[in-house]
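Understanding the architecture of this molecule
What follows is the residue order along each chain.
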Amino acid sequence: MVEARTVRESRIVMSQVMLPGDANPFGNVHGGVIMKLVDTAAGVCATRHVRGQTVTARIDSMSFLQPVYVGDLVTLKASVNDVGRTSMEVGVRVEAENILTGVVRHVSSAHLVFVALDQSGRPRDVPPIVAETDDEKRRMAEAKLRRANRQRGDEAVRAMRASTDSRAAILSWRRPDAPFVLVGHRGAAGSAPENTKVSFQRAVDDGVDAVELDVHLTRDGVPVVIHDHTVDRTTNGHGAVSALTLAELKLLDAAGGWKSHGEQRIPTLDEALEWAHGRTRLVIELKGTERPGLVEKTLDAIRLHSMLDDVMLISFDHFALMEAREINKDVCTGALYVGRPADPIALATACGADALCPHWSSVTTEDVAAIHRAGLAVCVWTVNEKAEIDAAMALGVDGVTTDLPERVAFTVPPVRTILPMPE
Ligand code: G3P
Ligand code: CA
């Protein structure tokens, strides 16, 4: 533990006379000259507190209250206001004395943040600081407030930057002049056996921009494409997907109730990615997230097929989306939910999602506007009827998932509105 130091121990006072070379032709000293002096004084103070190397991280605020003239004796008083783990805020007061009259003016104040560095240039711990006087305690309290505001501001800027890119990235999947990204649900589940290759191909033939599919892990840990936790509804087999090996699953006919398409096999995620590469994008729903390894294996497969820029991971399990982001910060994610949360943006922020994916019937135009203002995309499911398509169009959403891409692609007017991009 580094020993605490008092504010007094590192406080400095530094004076300098302003010369003609510091000023403009009318004798006013350049702001930049004062700023350099402020940075120097604050840097000396920070270094004295740490007794080691420091570097300016930011000049948080600097106000020029009165002009400074050639011939003024400028005095800078710098002291450490507060410290964080590896950084410290230094406050500087600048005064100018007319040496002919002896009148002293308060000309500038500034707050700067410095980071302490070790021998290899990495941030190192800063000794704690002890405020002794009332003035030092007040300055410390104010510095803590500024620090909290700074952190809030940094987070907001980071979130905005990330999310602005998010919506733009998702909208880039849209074909020219289309009002939204068209996604085929489980392929084209209204026209072919869901989550099979024939369904995926049908969706592409019907004009989708991306194919949605669901993933679970087999008993032997292979990501496979199937919606339910059991094979009962969509295949001629019985039992939980997690209880069957890949070899056992591959023996099943996944044509479900569809007679017209012949026998179908449950695809592995690997096979789906291989098929999609260069053909379409994929919206991969992480379904069987209760099995450890699903997220990691899904991301491994995506990487293997170089499809990172062409997939979006979605899930009702927002912890799974967080995990995906932790493994790969560049993967695009969408948070599925039902109902109407009071603060959908907080819901997205909590798991770092780029898009919010509600059921189309629970979204309002106000929600869409608020989500867009936050730079996030809105992708709704599952829109199949004419009235639903009209409603989604009117809402101005960014993505529409449908069982019947042929119907949506046909219904959407050929001359389309370009949606405004985030400001
Ligand atoms: O696209 C979202 C949608 O697929 C979520 O519901 O049950 O069809 O997977 P579900
Ligand atoms: Ca799904």
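On to the overall build of the chain. Counting its secondary structure elements, the chain contains twelve helices and 16 strands. In terms of C-alpha radius of gyration, the chain reaches 31 Å, well past the compact-globule figure of 22 Å for 423 residues. Seen through its principal axes, the chain has C-alpha atoms that stretch 100 × 55 × 35 Å. When each of the 423 residues of the chain is scored for burial, the buried share is 41%. Put simply, of all contacts in the chain between residues at least 6 apart along the chain, 63% involve residues at least 24 apart.

Once the domains are mapped, the chain shows domain 1 (5-135) and domain 2 (160-411). Once you take the C-alpha centre of each, domain 1 and domain 2 turn out to be 55 Å apart.

With that out of the way, let us pick up the site of ligand 1. Lining the immediate surroundings of ligand 1 are His 185, Glu 212, Asp 214, His 227, Glu 285, Leu 336, Trp 381 and Thr 401. Tallied by class, residues from the shell around ligand 1 come to two nonpolar, three polar and three charged.

Bringing the sheet that holds strand β2 (residues 12-17) into the picture now. In any sheet, the strands associate via hydrogen bonds between backbone groups, in a parallel or an antiparallel arrangement. Reading across from one edge, β2-β4-β5-β6-β3 is the order of the five strands in this open sheet, with antiparallel pairing throughout. Because the sheet does not close on itself, it has two edges, and the strands there are β2 and β3 (54-64). With direction set aside, neighbouring strand axes in the sheet form an average angle of 25 degrees. Summarising the sheet, β3 and strand β6 (residues 104-116) pair through nine bridges and their orientation is antiparallel. Paired with Thr 54 across the bridge in β6 is Ala 116. Each of β2, β3, β4 (72-83), β5 (87-98) and β6 touches helix α2 (residues 31-50); the most contacted strand, β4, lies at about 45 degrees to it.

On to the nonpolar core, then. Most often, soluble globular proteins have nonpolar side chains that are buried together. With 75 residues, the main nonpolar core has Leu 282, Ala 355, Val 378 and Val 380 as its most contacted residues. If one sorts the elements of this core by residue count, strand β9 (residues 210-217) sits on top with five residues. In contact with Val 380, not counting residues within four places along its chain, are Pro 358, His 359, Trp 360, Val 363, Ala 392, Val 397, Val 400 and Thr 401. Among the nonpolar cores identified, the runner-up in size contains 32 residues, and Ala 42, Cys 45, Leu 76 and Val 80 belong to it.

Take helix α10 (residues 365-373) next. Those residues of α10 that sit buried are Val 368, Ile 371 and His 372. With its buried residues spanning 100 degrees around the axis, α10 presents them on a single face. Away from its buried face by more than 90 degrees, α10 exposes Glu 366 and Arg 373. Buried residues along α10 sit in contact with α9 (344-351), β14 (355-358), β15 (377-380) and α11 (386-395). Backbone geometry just downstream of α10 places Gly 375 in the positive-phi region, at approximately 85 degrees.

Turning our attention to the environment of Ala 394. Turning to its location among the elements, Ala 394 is positioned in helix α11. Ala 394 sits in the exposed class, given 10 other C-beta atoms within 10 Å. Placed ten residues apart in sequence, Ala 394 and Asn 384 show a C-alpha to C-alpha distance of 15 Å.

Turning our attention to the pairing of strand β11 (residues 281-286). Among the six residues of β11, six are classified as buried, and the element is accordingly described as predominantly covered. Across the two faces of β11 the burial is the same, with Arg 281, Val 283 and Glu 285 and Leu 282, Ile 284 and Leu 286 all buried. By the bridge criterion, six bridges tie β9 to β11 in an arrangement that is parallel. Across the sheet, residue Leu 213 finds its bridge partner in β11, namely Ile 284. Relative to strand β12 (residues 311-315), β11 is paired through four bridges, and the arrangement is parallel. The partner of Val 283 across the bridge, within β12, is Met 312.

Attention now goes to the confidence of the model for the chain. Overall, the prediction assigns the chain a mean pLDDT of 91, with 94% of residues at 70 or greater. This stretch, residues 414-423, has a pLDDT under 50; its non-local contacts, to residues over four places away or in other chains, come to eleven contacts.

Procedures and definitions
Residues numbered from 1 in each chain as written. Chains lettered and ligands numbered in written order. Predicted model: local features only at pLDDT ≥ 70, side-chain atom pairs only at ≥ 80, totals over all residues. Helix = DSSP H or I, 4+ residues; strand = E, 2+ residues; numbered from the N terminus. Rg over C-alpha atoms; globule rule 2.2 N^0.38 Å. Buried ≥ 20, exposed ≤ 12 C-beta atoms within 10 Å, placed from the backbone. Contact = placed C-beta atoms within 7 Å. Domains from an automatic or database assignment. Near = placed C-beta within 6 Å. Nonpolar A, V, L, I, M, F, W, Y, C, P; charged D, E, K, R; others polar. Pairing = 2+ DSSP bridges. Axes fitted to C-alpha atoms, helices over the stretch in contact; angles between N-to-C directions. Core = buried A, V, L, I, M, F, W, Y, C linked by C-beta atoms within 7 Å. Arc of directions from axis to C-beta. pLDDT = per-residue confidence, 0-100.

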